[in-house]
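As a plain string of letters, each chain reads:
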Amino acid sequence: MGQTICVAVQRVQNEIGSLTRAVLEYLDGDAIPLAARIFSVADVFDALCSKRPYKEAMGFDAAMAILNKDTGSHFDPGVMAAFSPIARQVFDRLAVCDENEVRKLLEEQIRSHFAT
């Protein structure tokens, strides 16, 4: 599931990840750009719920328990408040998608949010 997302956005993820790390060295709280705070939650959720060569995918409840435990210290409470109600739907939807379907969903979301 998440592995196909990473393939589709690997370049962007690397750039945003580098930016996020640089920003976090100097900023905290609301000074961190909202996009970085959102990406942090999405990236960790994806990493926890995705099978990797070195680990099995974590189940939804276990992944959300980690995110909830770290809300306020690692994750923005406002972002988590927005993500939590849709997290199960996102998890379930991506679990049944193949790589092409995930890519199509991602492209639709990028167009809807970042159209010029």
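Scope of this entry: the structure provided in the associated data block. (Residues numbered from 1 in each chain as written. Predicted model: local features only at pLDDT ≥ 70, side-chain atom pairs only at ≥ 80, totals over all residues. Heavy atoms only, no water.)

Packing of helix α2 (residues 34-49) against helix α3 (residues 60-69) leaves a shortest axis separation of 9 Å and a crossing angle of 145 degrees. Regarding α2 and α3, the two cross each other, and that crossing is right-handed. For the pair α2 and α3, contact is made by Val41, Val44, Phe45, Leu48 and Cys49 and by Phe60, Ala63, Met64, Ile66 and Leu67, respectively. Here the contact of α2 with α3 is built from residues that sort into ten nonpolar, no polar and no charged. (Axes fitted to C-alpha atoms, helices over the stretch in contact; angles between N-to-C directions. Helix = DSSP H or I, 4+ residues; strand = E, 2+ residues; numbered from the N terminus. Left-handed = near helix turned anticlockwise from the far one by under 90°. Contact = heavy atoms within 4.5 Å. Nonpolar A, V, L, I, M, F, W, Y, C, P; charged D, E, K, R; others polar.)

A word on α2. The terminal C-alpha atoms of α2, which comprises 16 residues, lie 23 Å apart, in line with the 22 Å expected from a rise of 1.5 Å per residue. Residues Ala36, Arg37, Val41, Phe45, Asp46, Leu48 and Cys49 constitute the buried set of α2. (Expected span 1.5 Å × (residues − 1). Buried < 20%, exposed > 50% of the residue type's maximum accessible area, 1.4 Å probe, protein only.)

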